[in-house]
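Coordinate inspection notes
So you can see what is in the structure, the chains are spelled out below.
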Amino acid sequence: MILTLFIVLFALVSVGLIFFVLLQVPKQAGLSASMASGGSLLGGRGVEGGLVRITSVLGGFFMLLALLISFVSR
């Protein structure tokens with residue numbers, strides 16, 4: 001019962017992680033794009049900062065659930 005719950009949560013976190021990774025803008029523009037954006041060189045990431053934070057949290061849940069599934073399935 002609990003293993004099934006962890007697997008369902010793992011699947012949902014996986015889909016969410018894929019979604020938020022695909023939403024992020026690639027950072028291939030280099031240093032010149034950072035200089036051209038004015039005062040945002042030192043901070044002020046806006047929406048991108050939130051996406052990175054959500055992706056990090058989902059990545060942590062992904063690893064935690066993977067470990068829990070591993071221990072519960074033994």
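Reference entry: report on the structure contained in this document.

**Concerning a nonpolar patch on the surface**
A cluster of nonpolar residues, Leu5, Val8, Leu9 and Leu12, forms a patch on the protein surface that exposes about 360 Å² of accessible area. Among the secondary structure elements, Leu12 is positioned in helix α1 (residues 2-23).

**Things to note about the packing of α1 against helix α3 (residues 47-72)**
To characterise two packed helices, one gives the angle between the axes of the helices and the distance between these axes. Axis separation between α1 and α3 bottoms out at 9 Å; the angle between their running directions is 155°. In terms of axis orientation, α1 runs roughly antiparallel to α3. For the pair α1 and α3, the sense of crossing is left-handed. A breakdown of the residues in the contact of α1 with α3 according to their chemical character gives 21 nonpolar, four polar and no charged.

**With respect to the packing of aromatic side chains**
Per the counting criterion, the structure on display carries two aromatic pairs. Geometrically, the ring pair formed by Phe10 and Phe62 is stacked, given 4.7 Å between the ring centres and 25° between the ring planes. One end of the pair, Phe10, is in helix α1; the other, Phe62, is in helix α3, with 52 residues separating them in the sequence. On the basis of relative accessible area, Phe62 is assigned to the partly exposed category, the value being 29%. Ring geometry for Phe19 and Phe20: centres 5.3 Å apart, planes at 75°, overall edge-to-face.

Reading the values: rules and limits
- In this convention, every chain numbers its residues from 1, walking through the sequence in written order.
- Residues qualify for local features only when their pLDDT is at least 70, as the model is predicted, and side-chain atom pairs are given and counted only at 80 or more; totals for whole chains, interfaces and linings, by contrast, use all residues.
- Heavy atoms throughout the structure, all of them, feed into the side-chain values; hydrogens and water do not.
- Two joining distances apply to patches: 9 Å for like charges and 5 Å for nonpolar side chains (Val, Leu, Ile, Met, Phe, Trp, Tyr), and every residue must have over 30% relative accessible area and no salt bridge.
- Method for areas: the Shrake-Rupley scheme with a 1.4 Å probe, in which residue coverage is limited to the protein chains shown.
- Should a side-chain nitrogen of Lys or Arg be within 4 Å of a carboxyl oxygen of Asp or Glu, the pair is scored as a salt bridge.
- A run of H or I in DSSP becomes a helix once it reaches four residues, and a run of E becomes a strand once it reaches two; helices and strands are each numbered from the N terminus.
- The axes used here are C-alpha line fits, helices contributing only the stretch in contact, and every angle between their N-to-C directions lies in the interval 0 to 180 degrees.
- Geometric relationships in this document are graded by angle, where less than 35 degrees denotes roughly parallel, more than 145 denotes roughly antiparallel, 65 to 115 denotes roughly perpendicular, and other angles denote oblique.
- The crossing is said to be left-handed when, going from far helix to near helix, the turn is anticlockwise and less than a right angle, and right-handed when the turn is clockwise.
- Throughout this entry, Asp, Glu, Lys and Arg are counted as charged residues, while Ala, Val, Leu, Ile, Met, Phe, Trp, Tyr, Cys and Pro are counted as nonpolar. The remaining residues, Gly among them, count as polar.
- Aromatic pairing here means that ring centres of Phe, Tyr or Trp (its six-membered ring) are within 6.5 Å. Orientation follows from the plane angle: under 30 degrees is stacked, over 60 is edge-to-face, and everything else is tilted.
- Burial here depends on accessible area, computed with a 1.4 Å probe over protein chains only, as a share of the maximum for the residue type. Under 20% is buried, over 50% is exposed, and the range in between is partly exposed.

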